[in-house]
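# Examination of the molecular architecture
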Amino acid sequence: MKWNQYFSTRILDRGYDYYQSNAVRVLDSSSEFIEANVMGSSLYNVRINFIEGEIVSMYCNCPYGDNCKHLAATLYYSFSLKVYTIKV
Ligand SMILES: [Zn+2]
């Protein structure tokens, strides 16, 4: 499954804006996870877990409660690093 199918178009757009405005700070990462802070209306903690490039779970502590723009922003950022093997 393509990573962006987890998100609505509107959330992807908002996430891309966050990524472009340098709202994402990666705290730790490997080929199996990325952990980041995303500065939105508050500072949110994001963690995304991967197995062989596929997303297996995503977590963000914002009130949105679903696959949110902070997660999308973190994924855009991870592509920019080009150190992950997320399937696109
Ligand atoms: Zn969020």
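Residues numbered from 1 in each chain as written. Predicted model: local features only at pLDDT ≥ 70, side-chain atom pairs only at ≥ 80, totals over all residues. Heavy atoms only, no water.

Now for the coordination of the zinc ion. The protein atoms donating to the zinc ion are Cys60 (SG), Cys62 (SG), Cys68 (SG) and His70 (ND1), with metal-donor distances spanning 2.0 to 2.4 Å. Here the zinc ion is ringed by 4 donor atoms whose angles at the metal span 104 to 114°, and the overall shape comes out tetrahedral. (Donors = N, O, S within 2.8 Å, 3.2 Å for Na, K, Ca; no water. Tetrahedral: all angles 85-135°; square planar, octahedral: opposite > 155°, others 65-115°.)

It is worth spelling out the sheet that holds strand 4 (residues 54-60) at this point. Taken together, the 4 strands give an open sheet; going across it, the order is 1-2-3-4, and neighbouring strands pair in antiparallel fashion. Each having just a single partner strand, strand 1 (24-29) and strand 4 make up the two edges of the open sheet. Adjacent strand axes in the sheet meet at a mean angle of 20°, parallel and antiparallel pairs treated alike. The sheet contact formed by strand 3 (residues 43-51) and strand 4 spans 6 bridges and is antiparallel. Bridging from a neighbouring strand, Ile48 pairs with Met58 of strand 4. (Pairing = 2+ DSSP bridges. Helix = DSSP H or I, 4+ residues; strand = E, 2+ residues; numbered from the N terminus. Axes fitted to C-alpha atoms, helices over the stretch in contact; angles between N-to-C directions.)

On to the side chain of Asn37, then. Position of Asn37 among the secondary structure elements: in strand 2 (residues 33-39). Note on Asn37: relative accessible area 15%, which makes it buried. The contacts of Asn37, once residues within four sequence positions are left out, are Ala23, Val24, Arg25, Leu27, Leu43, Tyr44 and Asn45. (Buried < 20%, exposed > 50% of the residue type's maximum accessible area, 1.4 Å probe, protein only. Contact = heavy atoms within 4.5 Å.)

These results come straight from atomic positions and should not be treated as a statement about function.
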